[in-house]
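Okay, here's what each chain looks like letter by letter:
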Amino acid sequence: MRQVVGAALRICYRDCGPIRRRALTSEPTLARIAADGGLRLKASGAWIADHADALEALIVAAPASVALDVAGVERLDTFGAYAIARLKGQAELTGVSERQRGLLEAVARLPHAAPAGVKPRNRLADALESLGRALSAAGADAVDFAAMLGRVSLAFLHALRHPQAFRLRSIVHHLDRVGVQAVPIMAMMTFLVGAIIAQQGFFHFRKFGAEDYVVDLVAVLILREIGVLLVTIMAAGRSGSAYTAEIGSMKMREEIDALSTMGFDPAEFLILPRVLALVVAVPALTFIGAVSALAGGGVVAWLYAGMSPPIYIERLSEAVSMTSFEVGMIKAPFMALVVGIVAAVEGLKVEGSTESLGARTTSSVVKSIFLAIVLDGVFAIFFAAVGM
Amino acid sequence: MTPLDESAIRIETLTVGFGAKIVIDDLSLDVRRNEILGLIGASGGGKSVLLRAVLGLLPARAGRIEILGHVRGPGSAREIGRRCGALFQQGALFSSLTVLENLEFPMREYLGGSDAFRREVAIAKLEMVGLSAEDARKFPAELSGGMVKRAALARALALDPEVLLLDEPTSGLDPIAAGDFDDLIRTLRRTLGLTVFMVTHDLDSLNSLCDRVAALYGGKIVAIGPLAEVRGVDHPWIRAYFRGARGRAALA
């Protein structure tokens, strides 16, 4: 029987600990005694954190008094001591035991600053303020981007004159991570996109009897635009975010400060190798991606439209000009530069909190994809102007 | 309430290790109720491992740990968490919360009362450890090293625990702040009946604050007792610890 009760109590202990403990310690009470000269209060029971509700109710309900007797307080902690300090006001404190004196005095000595209230806010003003802040932040971002581009360029020029400043091991290490290890996912993704474009092309062009031109559609779209954009977006999500998180956590743990105090330039040691690795990897991945997407288109042409591979390749060589290929490949290193520089800027903006690390990593990915698409538009205007 | 037991923390034949390495070797130790026990030991000698095992952060290979009558285990985590505060060496404040929110978080989860009342008490606790209401609004990243320690102590005290586990509480504090810290612990111990188990190398704290000192060497407690007794124990490491120039100067 005892055991059963014990087990039940243990369960209760786990699920509703405070309730059981409350039952075993007496509730705090405050008796009011009218005496000559004014009201006297007499506190008793356990004035502890477990009875926070009761303590607060006592404070709120208590009238002003001339004296507060705490001789009946069985247990006291800082919660209770704070409640007594609040109740006391101008009253005289009596019945303080030797044991409780220290804590009561320590709490009474505190300045008891009131928590700051929340100022009422104007919604329109808030909206305008956040719009203004966003705009000025965008301006600051442009400056940061230019500054980082300058820093990395300087480090690059320095490295050209002092070849040992190229951290070859580091570049190769990053090239492996952002290039070689990315090949399978990039190839698979572009293969699927090439297949989807071809399928849509055949489905719609069939109505006009223009199936032959699907190959032109796939080839031009992939080589000029889609291939490099897909690879850039994947590089931003896969490698840019990793760069930001790495640089950001090194910033948080003062590793970058340590590097600087040793007289080393973080741009040369940390950022240049990463950016260079990306500038080499993205064009290579773009090439692999383009081949893979054309293969995807070819598989669909064969299985879905009955165009045999030799005919597909024949049509490809007619449709593809060197220009389309060049347009895509010229853009690739610039896209890589955008991703790498944005990742470095955002990484160095990380502050002490883990939250800022997450926020910066997100904004690194979002900003680099956005900038890459803007850059793609600028290139479209440029190539149209030069007739490519 | 748990039946009044002589010891607040009871460690029995505890063994903790990583892979083939045994760090804590068949160690038994009792921390009595209402006492302040200081743990000393060489760097890398397992002090932090012992403390982390007591906190339930490292699994025991063998043996058991009992805190306020609750055996360390999955079922007792909340009860022990409510009644046992911990101060980590680096503070371990939640970096995405302000100092005040760091205190309010455990109070909101465990205690009653309104938000406003808990906030007032939280500010009072921050003032107790020597921080201002101004500091309460700051994020941990904006605090100096000493302020982080104080804020972390305030958080350890947020629930008015019965047992306090401290990992090098006064390291990184200036002597005045360290002295204030010792005074505060002494006051709380007297009034709340607090039990304190602290890892420390601060010889002043060991001297003026700790009732007993335990020396950990090679995964075992090689000496335990009042400081004067432990100092006299004939063990090569203890001799080197207390009779080095710094030890002599601090205890002179």
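Placed above this text is the structure.
Note that the coordinates shown come from a computational prediction; the quantities given were computed from them, not determined experimentally.

Participant: Which residues make up the sheet that holds strand β4 (residues 92-94) of chain A, and what values do they have?
Facilitator: Residues and elements named next belong to chain A. Spatial strand order, β1-β2-β3-β4: four strands in an open sheet with mixed pairing. The open sheet terminates on both sides in strands that have one partner only, identified here as β1 (29-35) and β4. Shown here is a sheet whose adjacent strand axes are inclined to one another by a mean of 20°, direction ignored. Sheet topology note: the β1/strand β2 (residues 38-47) ladder contains seven bridges and is antiparallel. Opposite T29, over in β2, you have S44 as the bridge partner. Where helix α5 (residues 98-109) meets the sheet, its contacts fall on β3 (67-76) and β4, and the angle it forms with β3 comes to roughly 110°.

Participant: Please give an account of unusual backbone geometry that cites residues and values.
Facilitator: Residues and elements named next belong to chain B. Even without being glycine, A92 reaches a positive phi, approximately 55°. Along the polypeptide, A92 turns up in the loop between β6 (84-87) and α3 (99-110). Positive phi is not limited to glycine here, since D160 has a value of about 50°. Checked against the element boundaries, D160 lands in the loop between α6 (145-156) and β7 (163-167).

Participant: Can you lay out helix α10 (residues 236-243) of chain B for me, pointing to particular residues and giving the numbers?
Facilitator: An α-helical turn contains 3.6 residues, so a residue and the one three or four places further along point in the same direction. Residue and element names in this part refer to chain B. Of all the residues in α10, the buried ones are W237, I238, Y241 and F242. For α10, the arc enclosing every buried residue in end-on projection is 115°, short of the 170-degree limit, so these residues lie on one face. Residues of α10 that are exposed and angled more than 90 degrees away from the buried face: P236 and A240.

Participant: Quick one: what's the story with a nonpolar patch on the surface, residue by residue and with numbers?
Facilitator: All names here are of chain A. Taken together, the side chains of I185, M188, F191, L192, I196, V299, W302 and L303 define a hydrophobic patch exposed on the protein surface, amounting to about 780 Å² of accessible area. Of all the secondary structure elements, the ones that give two or more residues to the nonpolar patch are α8 (183-205) and α11 (266-303). No other element matches α8, which puts five residues into the nonpolar patch. Following the sequence through the fold, M188 ends up in helix α8.

Participant: Provide a residue-level description of the sheet that holds strand β10 (residues 220-225) of chain B, including the pertinent values.
Facilitator: All names here are of chain B. In space, the six strands of this open sheet follow the order β6-β7-β8-β3-β9-β10, with mixed pairing throughout. Edge positions in the sheet fall to β6 and β10, since each of these pairs with one other strand and no more. Sheet twist, expressed as the mean angle between neighbouring strand axes with direction ignored, is 15°. Where strand β9 (residues 212-217) lies against β10, five bridges are found, and the strand directions are antiparallel. Within β10, the position partnered with Y217 by the bridge is K220. Strands in contact with helix α7 (residues 175-192) are β3 (36-41), β6, β7 and β8 (195-199); relative to β7, the strand with the most contacts, it is inclined by about 160°.

Participant: Break down the interface of chain A and chain B for me, with residues and values.
Facilitator: Taken together, the 37 residues of chain A in the interface contact 37 residues of chain B. Roughly 3100 Å² of surface becomes buried between chain A and chain B when both sides are summed, with 60% attributable to carbon and sulfur atoms. A salt bridge links R86(A) to E120(B); the nearest nitrogen and oxygen atoms lie 2.1 Å apart. One can count nine residue pairs in polar contact (both at pLDDT 80 or more) joining chain A with chain B. Of all the elements in the fold, those that place two or more residues in the side of chain A that touches chain B are α1 (2-15), α2 (17-24), α3 (52-61), β3, α4 (78-88), α5 and α14 (354-386) of chain A. For the side of chain A that touches chain B, the element with the most residues is α5(A), which contributes six residues. For the side of chain A that touches chain B, a count of residues per class yields 17 nonpolar, nine polar and eleven charged.

Conventions adopted
- Residues numbered from 1 in each chain as written.
- Chains lettered and ligands numbered in written order.
- Predicted model: local features only at pLDDT ≥ 70, side-chain atom pairs only at ≥ 80, totals over all residues.
- Heavy atoms only, no water.
- Pairing = 2+ DSSP bridges.
- Helix = DSSP H or I, 4+ residues; strand = E, 2+ residues; numbered from the N terminus.
- Axes fitted to C-alpha atoms, helices over the stretch in contact; angles between N-to-C directions.
- Contact = heavy atoms within 4.5 Å.
- Buried < 20%, exposed > 50% of the residue type's maximum accessible area, 1.4 Å probe, protein only.
- Arc of directions from axis to C-beta.
- Patch = residues over 30% accessible without salt bridge, like charges linked within 9 Å, V, L, I, M, F, W, Y side chains within 5 Å.
- Areas by Shrake-Rupley, 256 points an atom, 1.4 Å probe, with all protein chains shown as cover.
- Salt bridge = Lys/Arg side-chain N within 4 Å of Asp/Glu carboxyl O.
- Buried area = accessible area lost by both parts, 1.4 Å probe.
- Polar contact = N/O pair within 3.5 Å; in protein donor to acceptor, adjacent residues only side chain to side chain.
- Nonpolar A, V, L, I, M, F, W, Y, C, P; charged D, E, K, R; others polar.

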